[in-house]
Structures are given as C-alpha cells and as structure tokens.
Amino acid sequence: EDKVVQSPLSLVVHEGDTVTLNCSYEVTNFRSLLWYKQEKKAPTFLFMLTSSGIEKKSGRLSSILDKKELSSILNITATQTGDSAIYLCAVVTTDSWGKFQFGAGTQVVVTP
Amino acid sequence: NAGVMQNPRHLVRRRGQEARLRCSPMKGHSHVYWYRQLPEEGLKFMVYLQKENIIDESGMPKERFSAEFPKEGPSILRIQQVVRGDSAAYFCASSPPGDTIYFGEGSWLTVV
C-alpha cells in the first residue's frame, strides 16, 4: 500500500530559527513530490520536485528530493511568525496524475 | 487571473439533507479534482474530472457521493442524505494537463 509519512508532526520554534521538515514515501511508479503550505484555508503550492538532487529555492524556503532514500526535506531559514502553518507533502505517480497522496502534514508554530 | 473558486464557503445541513458544492476552475484549466479533509486528518483524494468525463473516482465513497463537470458551468460535488461523518472541508483543485494542481479556498460542510 502506498504511503506518505511526514515528520515531525508538529514543532514550535522561535523567530529566526531554521526548521527542517521531512517527507518519506513508499509508492509504486513515483513521478513527483510536491510541497504545500496550508494556513487554515487553501493549500498553497510551494514546490514540485521530480529530479533527485536538484534543490528548488524560493526566498527563505528550499527543498530537495532524494529518490534513493525515497524522501524529501523542506527547509525554512530565518523563520518568521508568518511561516506558522501546516506544511503538506504530496506524492503523485505516473499512472494517476491528479490523485495526489498527501501526508498528514507538519504543523509549524513560530513564536515571536 | 482568478483562482479556483468554490462556493459556498460554509454550508450547514441537517442529517438526511443534500449538500451541493460548486467549483469553478482557474481560467485555462480543464482538469478538476476534489479532495476531502476530515478534522485532524490529511487531504484525501476523492475524484478527478475533465469536462463531461470522470477520469478517476477511486476515492469517492460508493454511496451518496457523486461528482460532475459539465460542458458548461462549474463542477459539482453532490452528497445525498448527509450524515455527521460527512462534516469536513471539501477542497477543489484544478490544473492544466499534467501540471501542478492549485487549490480553492474550500467548502466547510457541517452536518447537524
């Protein structure tokens, strides 16, 4: 059975800290892994990763995929209170585009 | 370019009534997806539709739930004879073919 596991489930950090979120997956016919940020409403797209070892970066956020380890990490540097959210990882396979399998998410709380 | 539009944003139904949720995809997007998020759980795929076609409904409950995406007008997710367990956030997403999906703000259904 396919599964996507995120860790930790939640964490609390102080502003300015760096956080690293993990996503591991076990799926057949892996195609891509996506990261979303959810703040009590619509999940907002962050990154899509298809090739192993290539870092995607957007401001203070970055992510990288390791296909050998079947995992991805999402880094947030110099965290701000506005980074408080649930971060979702999703995996899609080659045989079922659109049927994203989501992990349970990591809740990040950034305190002032 | 307007995002994915969902309505209503909040809906309250008594047990046994019908709930009808609507979704208009982003301009230029021909693929629509419905996901459900139960309290304290991650997003679960329900159905993937193109205009007038259901591509993958493997995540839809076998009874009471149906979805359509007609040639004209929004996609509709219909839940007949709602029960308390149907209370959840229902997210619609859309995409161009084979590209990342973008979520709407969600419709929160409460069954009383």
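Computed from a prediction, not measured in an experiment: that's the story for all the values here.

A. Molecular detail of the interface of chain A and chain B. Counting from both sides, the interface comprises 19 residues of chain A and, opposite them, 20 residues of chain B. For the pair chain A and chain B, the two sides together bury roughly 1500 Å², of which 58% comes from carbon and sulfur. The largest share of the area that chain A buries against chain B comes from A:Trp97, A:Lys99 and A:Phe102, three residues that together contribute 32% of it. There are zero salt bridges connecting chain A and chain B. Contributions of two or more residues to the side of chain A that touches chain B are made by strand S4 (30–38) and strand S5 (43–49) of chain A. The leading source of residues in the side of chain A that touches chain B is S4(A), at four residues. The residue inventory of the side of chain A that touches chain B, partitioned by class, reads 11 nonpolar, four polar and four charged.

B. Looking closely at the pairing of strand S3 (residues 19–24) of chain B. All names here are of chain B. Here S3 shows one buried face, formed by Ala19, Leu21 and Cys23, and one open face, formed by Arg20, Arg22 and Ser24. As judged from the three bridges shared by strand S1 (residues 5–7) and S3, these two strands associate in the antiparallel manner. Across the sheet, Met5 pairs through a bridge with Ser24, a residue of S3. Here five bridges tie S3 to strand S8 (residues 75–79), and the two strands are oriented antiparallel to one another. Across the sheet, Arg20 pairs through a bridge with Arg78, a residue of S8.

What counts, and at which threshold
- Residues numbered from 1 in each chain as written.
- Chains lettered and ligands numbered in written order.
- Predicted model: local features only at pLDDT ≥ 70, side-chain atom pairs only at ≥ 80, totals over all residues.
- Heavy atoms only, no water.
- Contact = heavy atoms within 4.5 Å.
- Buried area = accessible area lost by both parts, 1.4 Å probe.
- Salt bridge = Lys/Arg side-chain N within 4 Å of Asp/Glu carboxyl O.
- Helix = DSSP H or I, 4+ residues; strand = E, 2+ residues; numbered from the N terminus.
- Nonpolar A, V, L, I, M, F, W, Y, C, P; charged D, E, K, R; others polar.
- Buried < 20%, exposed > 50% of the residue type's maximum accessible area, 1.4 Å probe, protein only.
- Pairing = 2+ DSSP bridges.

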